[in-house]
Amino acid sequence: MSTIKIRSVAPEDNKALAQVIRDVLIEMGVPKVGTAYEDEALDMMYETYNEPRKRYFVVEDNGRILGGAGIAQLEKESEDICELQKMYFLQEARGKGLGSEMMNKCLDFAREQGFTRCYLETMPYMEDARKLYGKVGFKSLDKPMGDTGHYSCQAWMIKEL
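This text gives an overview of the structure that appears in the document. (Residues numbered from 1 in each chain as written. Predicted model: local features only at pLDDT ≥ 70, side-chain atom pairs only at ≥ 80, totals over all residues. Heavy atoms only, no water.)

### As for the nonpolar core
Rules: Throughout, nonpolar core names a set of buried Ala, Val, Leu, Ile, Met, Phe, Trp, Tyr and Cys residues whose side chains join them through atoms within 4.5 Å. Only protein chains enter the accessibility calculation, which uses a 1.4 Å probe; a residue whose area is less than 20% of its type maximum is buried, one above 50% is exposed, and one in between is partly exposed. Strands are runs of DSSP state E lasting at least two residues, helices are runs of H or I lasting at least four, and both sets are numbered from the N terminus onward. Here, residues are in contact when the closest pair of their heavy atoms is within 4.5 Å.
I71, L84, M87 and M102 are the most contacted members of the largest nonpolar core, which totals 46 residues. Breaking this core down by element, the ones donating at least two residues are α1 (14–27), α2 (45–49), β2 (55–61), β3 (64–73), β4 (81–89), α3 (98–112), β5 (117–122) and α4 (127–135). Ranked by residue count, the leading element in this core is α3, at seven residues. Leave out the neighbours within four places in its chain, and M102 touches I6, F57, V58, V59, G68, A69, M87 and F89. Judged by nonpolar contacts, the second largest core, of six residues, contains L74, I81, W156 and I158.

### Side note on the pairing of strand β7 (residues 155–160)
Note the following rule: Pairing between strands is defined by DSSP: at least two bridges between them are needed.
Burial runs high along β7: five of the six residues are buried. Note: β5 against β7, six bridges, orientation antiparallel. Bridging from a neighbouring strand, L120 pairs with M157 of β7. Bridging between strand β6 (residues 139–141) and β7 involves three bridges; their strand directions are antiparallel. When the sheet's bridge partners are listed, K139 is paired in β7 with I158.

### Some words on the sheet that holds strand β1 (residues 4–8)
Rules: Axis definition: a line fitted to C-alpha atoms, over the contacting stretch in the case of helices. Angles run 0 to 180 degrees between N-to-C directions.
With mixed pairing, the seven strands of this open sheet are ordered in space as β1-β2-β3-β4-β5-β7-β6. Looking at which strands have only one partner, the edges of the open sheet turn out to be β1 and β6. Recorded for the sheet is a direction-independent mean angle of 25° between the axes of neighbouring strands. When β4 meets β5, the two strands line up parallel, connected through three bridges. Paired with E83 across the strands is Y119, a residue of β5.

Now the structure itself:
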């Protein structure tokens, strides 16, 4: 029986979560440079998101991390703009509605924190992800916002909260 749940990241999730995110990035053919792959935060997600107005959620099944997503203020932008960050799921977690559930959890948290817009970056060829973002109201942008350091990400989207 599956016991899939979405919960806040815990310190003991760091190693498994970093591995899941890197595995998904490699599977998707994402460049290792200029993307989340090289973010220092990947190895310390609990510490990175254990701050005001930040939260990272993980998807867990019987104690095993299957993916996650987070919310934080968008660097070098106004205080009312957050960023949906590092939303990745292993293949076995996809197509089960977890992406929508995770997105709702993240956007609800963003609203609770007083954010009025949510920004994200992705790769143009990640079509399933972009379809999901579109379904929940994200609109494409012509250029990036803020300063994520992810210069290899070439698709930018924003949503009014």
